[in-house]
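# Remarks on the overall topology
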Amino acid sequence: MASSGVNHLSQSCNYERKSRFIKWLSKLFKSGSGHGIAGGQNPQFLGEENMAWRAPTRSVDDRSRTEKDREESDHALALSLAEDLKRPNGYRWWKDYDEDIARALQDSLNSSSYPPFAPNHYHPRGYRLCGGCNRDIGYGNYLGCMGTYFHPECFCCHSCGYPITEHEFSLSGKNAYHKSCFKELTHPKCEVCHQFIPTNGAGLIEYRYHPFWSQKYCPSHEHDNTARCCSCERLESSNARYISLGDGRSLCLECMESAIMDTGDCQPLYHAIRDYYEGMNMKLDQQIPMLLVERQALNEAIVGEKNGHHHMPETRGLCLSEEQTVTSILKRPTIGGHRLIGMRTQPQKLTRKSEVTAILVLYGLPRLLTGAILAHELMHGWLRLKGYRHLSPEVEEGICQVLSYMWLESEVMPVFKHMPSSSTASSSTSSSSSSSSKKGGRSPVENKLGEFFMHQIAHDTSPAYGAGFRTANAAVSKYGLRPTLDHIRWTGCFPV
């Protein structure tokens with residue numbers, strides 16, 4: 001990208017007569033005599049093109065008395081100069097003026113001025129071609145840049161096609177652009193406010209960039225209360241409003257398409273994931289209650305739970321082991337404007353019958369994210385029911401994340417897994433799975449969300465959920481799931 005100034009060469013040709021002295025000197029050097037030129041037909045030079053035009057012949061008798069006197073005076077001056085050159089001090093006189101005379105002669109011969117009798121309509125063919133239309137430029141204004149010439153109306157922007165009339169333009173390769181057009185093409189725009197991303201104090205373009213969605217935005221939007229989707233993490237655009245869930249969270253329209261809003265909607269998905277566990281010979285013998293709850297109810301349940309490691313700053317699921325009364329969502333809300341209305345909740349007493357009391361999941365999340373949370377929390381329940389005790393957060397959370405990742409992988413890329421996708425069972429009765437077909441297919445939007453949730457698990461930076469997952473996943477990939485689980489039971493750590 002380069003910016004250069006355009007030189008507007010718009011001066012018209014000026015025709016001037018040579019001075020009498022320069023005219024005489026030209027005759028002197030060409031013929032050695034001033035008399036031989038007056039009646040001759042010597043060519044006159046046409047400026048910088050070096051094209052000779054023969055001057056019109058004219059009879060000596062046609063000359064006026066003044067012209068005859070002028071020519072005789074010139075001849076006398078020539079004779080006087082010849083005599084001076086023969087004298088010793090005559091050389092000094094010539095030396096004093098020879099540089100000025102030679103310069104004047106050179107300027108006259110190289111001048112771009114045309115004699116007044118040269119035809120104005122004539123121009124040598126092929127001498128100066130326009131780089132835009134490939135026609136002769138001829139007389140008149142023209143532009144010279146990029147090693148060629150243009151008619152002013154032919155020097156056009158490669159983007160908009162209109163002539164470039166400004167003194168500065170942008171150049172990319174061999175293509176010229178208006179500076180505004182080039183900025184429109186190359187300067188990044190914020191995908192939130194849709195304005196050009198401003199430069200920082202050092203004059204550099206600085207912006208934020210989402211590693212998965214490639215969303216570019218101004219750094220200021222991270223601190224100006226711009227809404228962020230609680231599911232996919234994308235910032236709200238100025239031309240696409242998000243849905244407020246009423247608890248400080250917002251949901252984008254793409255995530256809203258498959259969002260699960262109440263406990264009844266979530267039951268088919270929950271049973272499908274239990275079937276997924278059973279297909280891997282990890283059947284859950286106990287019927288563990290599952291409730292969809294609001295953010296406040298989940299946070300209160302976390303406070304009442306004595307054990308467990310929670311994912312900060314946002315916990316979206318919980319495997320309860322204590323008796324509590326939890327308020328669950330009984331009826332899904334409806335969308336009114338850009339918020340949810342008409343939600344019905346119901347308190348529910350949870351009694352402890354085993355190591356696992358219930359599984360709680362945050363409401364209002366897309367189906368694939370809700371399923372990934374359920375797969376994670378069910379693994380906590382399976383470990384407790386099978387007698388896995390006193391595991392470190394890295395081991396327990398790491399292996400739970402592996403099961404969550406495996407389930408997502410079976411949903412997003414079922415052709416690579418031996419286990420069938422669980423979407424068929426869950427979509428048959430769930431009204432929130434409208435994007436799934438009868439054969440279990442999903443829209444490209446939902447598949448992309450699934451890939452993002454897998455990306456989140458794989459690139460988590462926390463010690464327990466991130467590093468723990470990567471260690472557990474490496475062990476499962478090397479030894480298999482069942483041998484890894486056996487090794488955890490015996491040693492409390494992953495095999496290496």
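Look up a bit, the structure's there.
Source: prediction; values computed, not measured.

### Some thoughts on the overall build of the protein chain
Summing up its helical and strand segments, the protein chain has 14 helices and 21 strands in all. Here the protein chain holds 496 residues, and 41% of them are scored as buried. The long-range share in the protein chain, meaning contacts at least 24 apart out of those at least 6 apart in sequence, stands at 59%. Summing over all exposed atoms, the protein chain offers an accessible surface of approximately 27600 Å²; the carbon and sulfur share of this is 50%.

### Description of the packing of helix α10 (residues 393–412) against helix α13 (residues 463–479)
Look at α10 against α13: their axes get within 7 Å of each other, and the N-to-C directions meet at 65°. By the angle between their directions, the pair α10 and α13 is classed as roughly perpendicular. In the packing of α10 onto α13, the handedness of the crossing is right-handed. The residues of α13 that touch α10, namely those facing P393, E394, E397, G398, I399, Q401, V402 and Y405, are P463, A464, Y465, G468, F469, A472, N473 and V476. For the contact of α10 with α13, the class distribution of residues is 10 nonpolar, 4 polar and 2 charged.

### Regarding unusual backbone geometry
Although it is not a glycine, M146 adopts a positive phi angle of roughly 55°. Relative to the assigned elements, M146 resides in the loop between β5 (142–145) and β6 (148–150). The class of M146 is partly exposed, set by a relative accessible area of 38%. Unlike most non-glycine residues, N281 shows phi in positive territory, near 60°. Its location among the elements puts N281 in the loop between α7 (263–279) and β14 (290–293).

### Describing the pattern of salt bridges
Counting across every chain of the model gives 13 salt bridges. By sharing partners, the salt bridges in this structure join E206, R208 and E222 into a single network.

### Here's the deal with the packing of aromatic side chains
A complete count under the given rule lists 10 aromatic pairs for this structure. Ring centres 5.2 Å apart and planes at 80° place the aromatic pair F155 and F169 in the edge-to-face group. Of this pair, F155 sits in the loop between β6 and β7 (168–172) while F169 sits in strand β7; the two residues are 14 residues apart in sequence, bridging distant segments of the chain. Just as F155 is buried, F169 falls in that class too.

### Quick look at the packing of α7 against helix α9 (residues 367–385)
At a closest axis distance of 10 Å, the pairing of α7 and α9 adopts a crossing angle of 50°. By the angle between their directions, the pair α7 and α9 is classed as oblique. The crossing of α7 and α9 is right-handed. Residues C266, L269, Y270, I273, R274 and Y277 of α7 lie in contact with α9, whose contacting residues are R367, T370, G371, L374, A375, L378 and M379. Among the residues making up the contact of α7 with α9, the classes are represented as 9 nonpolar, 2 polar and 2 charged.

### Considerations on a nonpolar patch on the surface
Side chains of I205, Y207 and Y209 sit close together on the surface and give an oily, nonpolar patch of about 270 Å² of accessible area. Note that Y207 resides in the loop between α5 (179–186) and β9 (208–209). For Y207, a relative accessible area of 33% puts it in the partly exposed group.

### Some remarks on the nonpolar core
Grouped together as the largest cluster of nonpolar side chains are 84 residues, with contacts concentrated most on L360, L374, M379, I399 and L481. Excluding residues within four positions of it along the chain, I399 makes contact with M379, L383, A472, V476, L481, T484, L485, I488 and F494. By size, the runner-up hydrophobic cluster in this structure holds 15 residues, among which are C130, I137, Y142 and A176.

### Section: the state of the cysteines
All chains considered together, the criterion is met by 0 disulfides. Free cysteine: C133, not disulfide-bonded; nearest cysteine sulfur from C130 at 3.7 Å. In this structure C133 comes out as partly exposed when scored by relative accessible area, which is 28%. In this structure C193 is not part of a disulfide, and its nearest cysteine sulfur, from C190, lies 3.5 Å away. Owing to a relative accessible area of 25%, C193 belongs among the partly exposed residues under this scheme.

### Considerations on the pairing of β5
Alignment of β5 against β6, held across 3 bridges, turns out to be antiparallel. Note on β6: the bridge partner recorded for G144 is Y149. Connecting the antiparallel pair β5 and β6 is a turn made up of 2 residues, with M146 showing a positive phi of about 55°.

What counts, and where the lines are drawn
Residues numbered from 1 in each chain as written. Predicted model: local features only at pLDDT ≥ 70, side-chain atom pairs only at ≥ 80, totals over all residues. Heavy atoms only, no water. Helix = DSSP H or I, 4+ residues; strand = E, 2+ residues; numbered from the N terminus. Buried < 20%, exposed > 50% of the residue type's maximum accessible area, 1.4 Å probe, protein only. Contact = heavy atoms within 4.5 Å. Areas by Shrake-Rupley, 256 points an atom, 1.4 Å probe, with all protein chains shown as cover. Axes fitted to C-alpha atoms, helices over the stretch in contact; angles between N-to-C directions. Parallel < 35°, antiparallel > 145°, perpendicular 65-115°, else oblique. Left-handed = near helix turned anticlockwise from the far one by under 90°. Nonpolar A, V, L, I, M, F, W, Y, C, P; charged D, E, K, R; others polar. Salt bridge = Lys/Arg side-chain N within 4 Å of Asp/Glu carboxyl O. Phe/Tyr/Trp six-rings, centres within 6.5 Å; stacked < 30°, edge-to-face > 60°. Patch = residues over 30% accessible without salt bridge, like charges linked within 9 Å, V, L, I, M, F, W, Y side chains within 5 Å. Core = buried A, V, L, I, M, F, W, Y, C linked by side-chain atoms within 4.5 Å. Disulfide = S-S within 2.5 Å. Pairing = 2+ DSSP bridges.

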